[in-house]
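# Geometric and topological summary
Now for the letters of each chain:
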Amino acid sequence: MMNTPEPLLENRVIDFRAPPPSPVAPGRRSSLTNDEVLTEFLENSLKVPDLILPDRVFPRQKAIQNPLKLDFQSLESIENGSGLKIVEMIAQVGCLEVINHGISGDFIKSVLAAGAGIFGMSPEKKKMVARSPERPYGFEEIHGEEEKETSEEFLWHPDEALKAEMEGIWPIQYSNFSEKMEKLLPKIEEVASRILLFLQHNSPRKFSDITMENQEIAGSICYIYKHSKKMDGDQWADSLKYDVIRMLIKGSEFPHALCLHLCSGSTEFHVYSKKGWATFCPDEGAIVITAGDELQAWSNGQYRHVIGRPVFKGEDENCTSMAFLYSPPNITNSIKDDKTITISLSQQIIIAVLFTLCYQFSLRIYNML
């Protein structure tokens, strides 16, 4: 009996794999729809949000009473109790005004007038002595006309190379200016050293013993600023913000203990710190002194580092101010402690006799052995 092929076909295992799906070419309508969906997705996912920076860097200005006025000629007569109260007041705002400092007001004005002449040089000559990594002193490079209209800056130092370059392009005027600066500098350093001595002696915290071994320049740097002519309120605000940013960036460029500002004729003085922005009206002829980063480190944070800048509002002509950075090479050498122990001549003789007796006694014991 013959078998039919149907049962064999039923028992056979058929190895069948479905082919992969073929891509379907989208039509024009689906392509447009997909493009719109993709575009909308990319726009929503890649959209950069509008960021608004906080206004903490430039807080609202607050008017304060004029800081403490310290009579320079009466520093030695201030008692300890009064001195402690004075330094506490100075520590609160980070600045003070020094009056009766002994530097003639007419002499200061003549130096400022001579310094103002530097900015009358042509732009080509200014570029010849512009600051660079190889030349730390000279004109601050100016970018654009707007900054030129607000302020200019010249960094002075009694450097022979700078003096030679300036006398080569501005001979007679710079020689006169440099001579006046060299006469003014020792008087400024005397005021700064005595103020630093006063702050250290009356401070409730002990100053740290820090030597400035890496500080090649100490007490002889001066920033000369040319302030622009009359501007409106918005221009002043923008200019001050720009100046603060630059000063914050360059704050560590030249570390200093004190900054002494000569700002004769200024209408306001602005003090900026991390805690806020304050303004006051300085006395005519006073030297405004602000605390530097080194003083903050030496005093263990009692005197906070602040940045100061004078403002000349309502002036029809350009005004000039100076800021001297004072930094002694060693605070323990520049500030003499009153507790220094001195040995008199009689005490030295007694000590020498005792050493001789001890030596003779030790020698006898050695010979007996």
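Our structure is the block above this text.
The present account deals with the structure reproduced in this document. (Residues numbered from 1 in each chain as written. Predicted model: local features only at pLDDT ≥ 70, side-chain atom pairs only at ≥ 80, totals over all residues. Heavy atoms only, no water.)

Here we come to the packing of helix α7 (residues 160-169) against helix α8 (residues 171-201). Packed helices, taken two at a time, are described by their axes: the angle between them and the distance between them. Where α7 meets α8, the axes come as close as 6 Å, and the angle between the chain directions of the two elements is 145°. The residues of α8 that touch α7, namely those facing Leu 162, Lys 163, Met 166, Glu 167 and Ile 169, are Pro 171, Tyr 174, Ser 175, Ser 178 and Glu 182. Each residue belonging to the contact of α7 with α8 can be placed in one class, and the counts come to 5 nonpolar, 2 polar and 3 charged. (Axes fitted to C-alpha atoms, helices over the stretch in contact; angles between N-to-C directions. Helix = DSSP H or I, 4+ residues; strand = E, 2+ residues; numbered from the N terminus. Contact = heavy atoms within 4.5 Å. Nonpolar A, V, L, I, M, F, W, Y, C, P; charged D, E, K, R; others polar.)

What the 8 strands build is an open sheet, ordered β2-β3-β10-β7-β12-β6-β5-β4; its pairing is mixed. Of all the strands in the sheet, just β2 (69-71) and β4 (138-139) have a single pairing partner and so form its edges. In this structure, strand β5 (residues 151-156) lies alongside strand β6 (residues 221-227), joined through 6 bridges in antiparallel fashion. Its bridge partner being in β6, Glu 152 is matched across the sheet by Lys 226. This element, helix α4 (residues 105-116), spans β6, β7 (258-262) and β12 (319-326) of the sheet and lies at about 105° to β12. (Pairing = 2+ DSSP bridges.)

For the rest of this paragraph, the subject is the nonpolar core. Counting 64 residues, the largest nonpolar core has Phe 154, Ile 195, Leu 260, Met 322 and Phe 324 as its most contacted members. Looking at this core, the element that brings in the most residues is α8, giving 12 residues. Ranked by size, the runner-up nonpolar core spans 9 residues in total, among them Phe 269, Val 271, Val 288 and Val 306. (Core = buried A, V, L, I, M, F, W, Y, C linked by side-chain atoms within 4.5 Å. Buried < 20%, exposed > 50% of the residue type's maximum accessible area, 1.4 Å probe, protein only.)

What follows deals with the pattern of salt bridges. Scanning the entire structure with this criterion turns up 8 salt bridges. With a closest N to O distance of 3.8 Å, Lys 69 and Asp 283 form a salt bridge. Of this pair, Lys 69 sits in strand β2 while Asp 283 sits in the loop between β9 (276-280) and β10 (287-291), and the two are 214 residues apart along the sequence. Note that Glu 152 is salt-bridged to Lys 126, the shortest N-O span being 2.7 Å. You can see Glu 152 sitting in strand β5 and its partner Lys 126 sitting in helix α5 (residues 123-128), a full 26 residues away along the chain. Connected through salt bridges with shared partners, the residues Lys 69, Glu 97 and Asp 283 form a single ionic network. (Salt bridge = Lys/Arg side-chain N within 4 Å of Asp/Glu carboxyl O.)

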